[in-house]
Amino acid sequence: MAERAVRIALVFPALLGTYGDGGNASVLAQRLRWRGHDAEVVDVAVDAPVPDQADLYVLGGGEDTAQTLAVSRLSDGTLARAAAAGKPVFAVCAGFQILGETFLDGRGDVHPGLGIIDCRTDRLDGPRAVGELLVSSPVGLLTGYENHGGRTVLGPAAAPLGRVGAGIGNGDGSVDGAMQGSVVATYLHGPALARNPALADHLLTAVVGELAPIDDREEEELRRERFAAIRKANRAPWRRQWRPSARSS
Ligand code: GLN
C-alpha cells in the first residue's frame, strides 16, 4: 500500500501571510518530496476549521489586526490537541505571539492567546525591531529577518529556540523564539525554513523519522551570503555580544 501523503496545514495564509512565511510550508513539502515522500500543503481558509488530521501545522506573521482575527478563529482547540499529541507546530512572529498566553495589539489592548506556549507578548520599549536576525540554536546558526513591535517574555515551561547573535529576537537581544514540546516558534522570517534547512529537517524528523541527506549546496550558498550581509550591517548587539565564528560562548 502506498504511503499516505504527509499533510502540512498552513493556517490562515490570508491573515498570517504578510511576511511570506507561507514559504515554510512549501519548503517542508518539497524537502519531503526530494526524499521520495508524498506531501500535501493544505491552505486553511479563514472561514474553515483547522483540520485535525494534519501531521504538521505552520503559522506565519501578520499585522496586529489580522493576528487578533486569527486567534478568534482558532479557539476550537485543534492546535492545542495537535501540540499535545506531539505533532510539530511551527509558528513565526504573529503566529508565535498568538500561541502564547496573551499578546498586546498596537493600541495597547491585551488579547488572550491560545495558551500553547508559556509566554506573554507586550510591546518593545524602543522602535520596531526591523532587520537581519541571527540565532544560535540546537540545530545550528539560524538566519532570517525580523519585523515586529512585540516583545515576548518566556515562562518557565518554554525554552528559547536560541541565543541572538545579531538583532533583537524576543525583545532584548538575548534570546529568540520558543521551544515547548513539539512546538517551535521564532521571530525569524525569510522564510525561515528556506534559509535554515536544518530547522526544517528537525520538524520533519518528528513526522517521518530519520531523513536521508539531500543536496543543500544552494541553501548553503544563500546562508553564506546572508551571514556576510549581517556582518556587514554590523547590527547591534552583534559587536558587543557574539560572533558566529567564535568557538565558545
Ligand atoms: N503584529 C506583530 C508585531 O508587530 C507581529 C508582526 C509580524 O508578524 N511580523 O509584533
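Just above, that's the structure.
What you see is a predicted model; the values in this text were computed from it and never measured.

(A) Focus on the site of the ligand. Taken together, 15 residues surround the ligand, and among them Asp64, Cys93, Asn147, Gly149 and Gly150 come closest. Between the ligand and Asp64, the relevant distance is 2.5 Å, taken from a nitrogen atom to a side-chain nitrogen or oxygen of the residue. One nitrogen or oxygen atom from the main chain of Asn147 is found 2.8 Å from a nitrogen atom belonging to the ligand. Protein chains bury 99% of the 290 Å² of accessible surface belonging to the ligand in isolation. Elements with a contribution of two residues or more to the shell around the ligand: α2 (64-72), α4 (94-99) and β9 (140-148). A class-by-class count of the residues in the shell around the ligand yields three nonpolar, nine polar and three charged.

(B) Representation of the sheet that holds strand β12 (residues 175-176) in the model. Sheet architecture is open: four strands sit in the order β9-β8-β11-β12, paired in antiparallel fashion. Lying at the two open borders of the sheet, with one neighbouring strand each, are β9 and β12. Bridging between strand β8 (residues 129-137) and strand β11 (residues 162-166) involves three bridges; their strand directions are antiparallel. Note on β11: the bridge partner recorded for Val135 is Val164.

(C) Here's a closer look at the packing of helix α1 (residues 23-33) against helix α6 (residues 197-208). Where α1 contacts α6, the two axes come as close as 10 Å, and the packing angle between them is 65 degrees. By the angle between their axes, α1 is roughly perpendicular relative to α6. Of the two possible hands of crossing, α1 and α6 adopt the one that is right-handed. On α6, the residues that touch Val27, Leu28, Arg31 and Leu32 of α1 are Pro197, Ala200, Asp201, Leu203, Leu204 and Val208.

(D) Looking closely at unusual backbone geometry. Following Gly190, the chain continues to Pro191 via a peptide bond in cis, the omega torsion being -5 degrees. You can see Pro191 is positioned in the loop between β14 (183-186) and α5 (192-195). Even without a glycine there, the phi angle at Phe12 is positive, about 50 degrees. Locating Phe12 in the fold gives a position in the loop between β1 (6-11) and α1. Of note in this structure, Cys93 is not a glycine but carries a positive phi near 50 degrees. Tracing the chain through its elements places Cys93 in the loop between β4 (89-92) and α4.

(E) A look at the side chain of Arg31. Mapped onto the elements of the fold, Arg31 is located in helix α1. Once residues lying within four places of it in the same chain are set aside, the contact partners of Arg31 are Pro197, Ala200, Asp201, Leu204, Ile214, Asp216 and Glu219.

(F) Fine view of the side chain of Thr102. Relative to the helices and strands, Thr102 resides in strand β5 (residues 102-104). For Thr102, the side chain forms a polar contact with the side chain of Arg120, separated by 3.5 Å. Setting aside chain neighbours within four positions, we find Thr102 in contact with Val110, His111, Pro112, Gly113, Cys119, Arg120 and Thr121.

(G) Focus on the sheet that holds β5. Spatially, four strands are ordered β6-β5-β7-β10 in an open sheet, and the strand pairing comes out mixed. In the strand order of this sheet, the two ends are held by β6 (110-112) and β10 (150-154), each with one partner. Taken pair by pair, the neighbouring strands of this sheet meet at an average axis angle of 20 degrees, ignoring direction. Where β5 lies against strand β7 (residues 119-123), two bridges are found, and the strand directions are parallel.

(H) Region of the structure containing the nonpolar core. Ranked by size, the top nonpolar core spans 60 residues in total, and within it Ile8, Leu28, Leu59 and Ile117 carry the most contacts. Those residues in contact with Ile117 that lie beyond four places of it in its chain are Phe96, Leu99, Gly100, Glu101, Ala158, Ala178, Gln180, Val183 and Ala185. Among the nonpolar cores identified, the runner-up in size contains five residues, and Leu134, Leu141, Ala166 and Phe227 belong to it.

Cut-offs applied
Chains are numbered independently. Their residues run from 1 in the order of the written sequence. For this predicted model, a pLDDT threshold of at least 70 governs which residues receive local features, and a threshold of 80 or more governs which side-chain atom pairs are given and counted, while totals over whole chains, interfaces and linings are taken from all residues. Values shown for side chains rest on all heavy atoms present in the structure; no hydrogens or waters enter the calculation. If even one non-hydrogen atom of a residue comes within 4 Å of a molecule or strand, that residue is called near it. The definition of a polar contact used here is a pair of N or O atoms within 3.5 Å, where within protein one atom must be able to donate a hydrogen and the other to accept one, and adjacent residues in sequence count solely through side-chain atom pairs. To measure how exposed things are, a 1.4 Å probe is used in the Shrake-Rupley method; for residues, cover is taken only from the protein chains shown. Only DSSP runs of H or I with at least four residues qualify as helices, and only runs of E with at least two residues qualify as strands; both kinds are numbered from the N terminus onward. Three classes are used: nonpolar for Ala, Val, Leu, Ile, Met, Phe, Trp, Tyr, Cys and Pro, charged for Asp, Glu, Lys and Arg, and polar for all others, with Gly counted as polar. Strands were regarded as paired on the criterion that DSSP finds at least two bridges between them. Only the stretch in contact is used when a helix axis is fitted, and all axes are lines through C-alpha atoms; the angle between N-to-C directions ranges over 0 to 180 degrees. Here the word oblique covers every angle except those under 35 degrees (roughly parallel), over 145 (roughly antiparallel) and from 65 to 115 (roughly perpendicular). Rotating anticlockwise by less than a right angle from the far helix to the near helix defines a left-handed crossing, while the corresponding clockwise rotation defines a right-handed one. Should any heavy atoms of two residues lie within 4.5 Å, those residues are considered in contact. Residues belong to a common nonpolar core when they are buried Ala, Val, Leu, Ile, Met, Phe, Trp, Tyr or Cys residues joined through side-chain atoms within 4.5 Å. A simple rule labels every residue: compare its accessible area, found with a 1.4 Å probe on the protein chains alone, to the largest value its type can have, and call it buried under 20%, exposed over 50%, or partly exposed in between.

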